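Here is what each chain is made of, one letter per residue.
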Amino acid sequence: MKSVQTLRSYEKSDNKVISLNPDGLRAVKKLGIPIFSVEITSPDDLIRDRQLKRGDEPKEAERRREQDIIDFANISHLVDIVVTNWGSGGPDRCARNIYDLYQYWRKKHVEDIS
């Protein structure tokens, strides 16, 4: 799978992972493209710890977190699943859980269409 940043590169790829904000998700859904959408949440303390470990300025990290709360409010009704990353097992475990859920979703939605 590869990550894509533009619709043009999306159209050229067979397997895609796209990181979108809620406005971007709404735009992709309007195009009618079959999409499996996931909201990944994490506890605030885990997010803060990761921001500080990567060197974010504390005030900027807090501003971004507050803006994310606003931007991502009520997104759960737009996505197929919500996954909470508790930090245990690292990103690989979270990615594996999402992939397994995607495989289940694909069997129900995509393969029934074809």
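Residues numbered from 1 in each chain as written. Predicted model: local features only at pLDDT ≥ 70, side-chain atom pairs only at ≥ 80, totals over all residues. Heavy atoms only, no water.

A. Looking closely at the confidence of the model for the protein. Scored by pLDDT, the protein has a mean of 82; 82% of the residues are at 70 or more. Across the protein, helix H4 (residues 58–71) holds the top mean pLDDT of 91, while strand E1 (residues 2–3) sits lowest at 42. Here residues 1–5 scores under 50 on pLDDT; set against residues more than four positions off or in separate chains, the count is 15 contacts. (pLDDT = per-residue confidence, 0-100. Helix = DSSP H or I, 4+ residues; strand = E, 2+ residues; numbered from the N terminus. Contact = heavy atoms within 4.5 Å.)

B. The nonpolar core, seen in detail. Listed in full, the six residues of the largest apolar core are Phe36, Ile81, Val83, Cys94, Ile98 and Trp105. Within the residue set of this core, elements represented by two or more residues are strand E4 (81–84) and helix H5 (90–113). The biggest single contributor to this core is H5, with three residues. Setting aside anything within four residues of it in sequence, one finds Ile81 in contact with Phe36, Ser37, Val38, Glu39 and Leu101. (Core = buried A, V, L, I, M, F, W, Y, C linked by side-chain atoms within 4.5 Å. Buried < 20%, exposed > 50% of the residue type's maximum accessible area, 1.4 Å probe, protein only.)

C. Structural context of the pairing of E4. Burial of the side chains of E4 is restricted to one face: Ile81 and Val83 are buried, whereas none of Val82 and Thr84 on the reverse face is. Bridge analysis of strand E3 (residues 38–41) against E4 gives four bridges, and the strand direction is parallel. Directly across from Thr41, in E4, lies its bridge partner Thr84. (Pairing = 2+ DSSP bridges.)

D. Quick peek at the packing of aromatic side chains. By the definition in use, this model includes four aromatic pairs. Seen from their ring centres, Phe36 and Trp105 are 5.2 Å apart, and the 45° between their planes marks the pair as tilted. Residue Phe36 is located in the loop between helix H2 (22–30) and E3, and its partner Trp105 is located in helix H5; the two are separated by 69 residues in the primary sequence. Of the two residues examined, Phe36 and Trp105, each falls in the buried class. Through a chain of ring-to-ring contacts, the aromatic side chains of Phe36, Tyr99, Tyr102 and Trp105 assemble into a single cluster. (Phe/Tyr/Trp six-rings, centres within 6.5 Å; stacked < 30°, edge-to-face > 60°.)

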